[in-house]
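Survey of secondary and tertiary structure
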Amino acid sequence: MSLKIEQRLGNLKFTEMKPKIYTTGAFLVPMKIKVGDNERFVWVVEEFREDTYLDGNLRSPILYSDNPQTLLQK
């Protein structure tokens, strides 16, 4: 089941859905999310190591930003 489906089933939204990128290598770590008394775990990227693409074009993802538009560099 995808994170997007889990959010719909739980009637929650805690992430942006775009941009959606593809990467051939990244390190993932679990992140705990608590909503009310319920705890859930999701995978989040800790570090990118391989090529990452947006619409077939190579991009350099930024791990931390104050808005989604500046998360990727050309």
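So, how was this worked out
Residues numbered from 1 in each chain as written. Predicted model: local features only at pLDDT ≥ 70, side-chain atom pairs only at ≥ 80, totals over all residues. Heavy atoms only, no water. Helix = DSSP H or I, 4+ residues; strand = E, 2+ residues; numbered from the N terminus. Contact = heavy atoms within 4.5 Å. Patch = residues over 30% accessible without salt bridge, like charges linked within 9 Å, V, L, I, M, F, W, Y side chains within 5 Å. Areas by Shrake-Rupley, 256 points an atom, 1.4 Å probe, with all protein chains shown as cover. Salt bridge = Lys/Arg side-chain N within 4 Å of Asp/Glu carboxyl O. Buried < 20%, exposed > 50% of the residue type's maximum accessible area, 1.4 Å probe, protein only. Pairing = 2+ DSSP bridges.

As for the environment of T24
- Following the sequence through the fold, T24 ends up in the loop between β1 (22-23) and β2 (26-35).
- Taking the C-alpha atoms as reference points, T24 and F48, separated by 24 residues in sequence, lie 8.9 Å from one another.
- For T24, the contacting residues outside a window of four places in its chain are E50 and D51.

Focus on a nonpolar patch on the surface
- Together, L28, W43, V45, L63 and Y64 make up an exposed nonpolar region whose accessible area comes to about 620 Å².
- Using a relative accessible area of 60% as the deciding quantity, one classes W43 as exposed.

Here we look at the pairing of strand β3 (residues 38-48)
- Pairing geometry for β2 and β3, over 10 bridges, is antiparallel. Opposite F27, over in β3, you have E47 as the bridge partner.
- The hairpin turn running from β2 into β3, its antiparallel successor, is two residues long, and G36 in that turn takes a positive phi close to 65°.

Things to note about unusual backbone geometry
- Of note, the phi angle at D55 is positive, near 55°, even though the residue is not glycine.
- As for its position among the elements, D55 is in the loop between β4 (52-54) and β5 (57-61).

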